[in-house]
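These are the residues of each chain, in order.
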Amino acid sequence: MGNANTSDVDRLCTLVRRLRRIEAHPLIAADGGETIHRLHSTQFTQTVFDHRTDPAQSYVVLKFDLPDEVQFESLAARLRPLTLGTDVIGHKSIMDALDALTDSTDLAIAISNAALRREWEEATRRDRKNRGAKTRAYTMYAGEEGDDDAEAATDLDLAYAWLYEDSLHGDVPAYDEFNARDRYQAATHVFAHIAVVALETLAYIRWLVAEGYLDLPEEVFTVDVVVAETKWEVRGQIYVGEPGKVMAGGDLNKPPPGMKTIQEAMRPLIQDRIDAEFERTQPIGDAVNALAQAEEAMVEADGMPADVAQHMDAVVNRLTSESDDN
């Protein structure tokens, strides 16, 4: 091993958890990364129309097939820490940690680490201060046909404009001469490239651990890193107290000092509601009871005429119906 220290181990453990979260993203997990690799290669379909007798009718149609922006935006958010130099798992810091925790005298490991570092540098390269200075695959121009002063922007410019102006940050718009679709289109292949390198890094670290070249705690490869459920139940106890009351340590199976179970706190309120409901419906109950007693008395005497019995049944039904409605 190299000059290992706790911070390097913690950094790589944090990295593995993040890389596993990226690997679990639906845009990657759904097809094993095929979509991301396709986006990374900046693929598009072009149809060329060549009108030999009328050049004005010769043109090219480009077709793009991109994922839903909201879904891709969530992937970009998971990738974001890896591109920040100040983050714990910024790509430069993680490569320094990987060099420190692996044997730099092993030529194969040294070459592999250096190659991975170059991949990160290539995937994240940009020139934020100088517009148009760096490009990955193409440059776009915005302006009227024949305009010599058309505005230019590289795919890297537009991708980070999407990230900083449209998506994860709130920078003042500086690329409005290009529309949101242009910016998003560039973002998909730029950040898909970063995602591909992230997946390669996870595969490489897993190999290093499996072959004994790197020692990391097993739990970083097994701990939950995403929430798969949208509904669940938790069984336990709730204790309540005065505002500001802090629960002290101890046996959480019984209320802490100065607190009570939520059941104890609710009982007076529930009893008050029961009492109030009883008082509200008591007159109806008394009336129904009186009618029932009167009906019973008349039956015991000489029998109740049919029309009287029908009327009393109607009264009872009306009273009980009003009770249900209230």
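Residues numbered from 1 in each chain as written. Predicted model: local features only at pLDDT ≥ 70, side-chain atom pairs only at ≥ 80, totals over all residues. Heavy atoms only, no water.

A.B. asks: Residue-level account of a nonpolar patch on the surface, with values.
C.D. replies: Together, F44, V48, V60, L62 and F64 make up an exposed nonpolar region whose accessible area comes to about 450 Å². As for its placement among the helices and strands, V60 is situated in strand 2 (residues 59–63). (Patch = residues over 30% accessible without salt bridge, like charges linked within 9 Å, V, L, I, M, F, W, Y side chains within 5 Å. Areas by Shrake-Rupley, 256 points an atom, 1.4 Å probe, with all protein chains shown as cover. Salt bridge = Lys/Arg side-chain N within 4 Å of Asp/Glu carboxyl O. Helix = DSSP H or I, 4+ residues; strand = E, 2+ residues; numbered from the N terminus.)

A.B. asks: Account for the packing of helix 4 (residues 69–83) against helix 8 (residues 180–210), with residues named and values stated.
C.D. replies: Between helix 4 and helix 8, whose axes approach to 10 Å, the crossing angle comes to 50°. As judged from the angle between their axes, helix 4 and helix 8 are oblique. Read as a crossing pair, helix 4 and helix 8 show a hand that is left-handed. Facing E69, F72, L79, L82 and T83 of helix 4, the residues of helix 8 in contact are Y184, A187, T188, F191, A192, I194, A195 and A198. Here the contact of helix 4 with helix 8 is composed, by residue class, of 10 nonpolar, two polar and one charged. (Axes fitted to C-alpha atoms, helices over the stretch in contact; angles between N-to-C directions. Parallel < 35°, antiparallel > 145°, perpendicular 65-115°, else oblique. Left-handed = near helix turned anticlockwise from the far one by under 90°. Contact = heavy atoms within 4.5 Å. Nonpolar A, V, L, I, M, F, W, Y, C, P; charged D, E, K, R; others polar.)

A.B. asks: Report on unusual backbone geometry, specifying residues and quantitative values.
C.D. replies: Of note, T42 is a non-glycine position whose phi angle comes to about 55°, a positive value. Here T42 shows up in the loop between helix 3 (34–40) and strand 1 (45–49).

A.B. asks: Give me helix 5 (residues 91–101): which residues, what numbers.
C.D. replies: Within helix 5, eight of the 11 residues are buried, leaving the element largely enclosed by the surrounding structure. Listing the buried residues of helix 5 in full gives H91, S93, I94, M95, A97, L98, A100 and L101. (Buried < 20%, exposed > 50% of the residue type's maximum accessible area, 1.4 Å probe, protein only.)

A.B. asks: I'd love a proper account of the side chain of T201, names of residues and values included.
C.D. replies: Take T201: it is sitting in helix 8. At 2.8 Å, the side chain of T201 forms a polar contact with the backbone oxygen of V197. Those residues within four positions of T201 in sequence are excluded, and the remaining contacts are L15, L19, L116 and W120. (Polar contact = N/O pair within 3.5 Å; in protein donor to acceptor, adjacent residues only side chain to side chain.)

A.B. asks: I'd like a description of the pattern of salt bridges, backed by residues and values.
C.D. replies: Enumeration over the complete set of coordinates arrives at eight salt bridges. When salt bridges with common partners are traced through the structure, they connect D96, D99 and R117 into a single cluster.

A.B. asks: Can you explain the packing of aromatic side chains? Please cite residues and give values.
C.D. replies: Going through the model one piece at a time under the given rule, you end up with eight aromatic pairs. A centroid spacing of 6.1 Å and a plane angle of 55° characterise the contact between F72 and W162, whose relative ring orientation is tilted. With F72 in helix 4 and W162 in helix 7 (residues 155–167), this pair connects stretches of sequence that are 90 residues apart. By the burial criterion, F72 is buried, and W162 matches it. (Phe/Tyr/Trp six-rings, centres within 6.5 Å; stacked < 30°, edge-to-face > 60°.)

In short, geometric facts, not functional conclusions.
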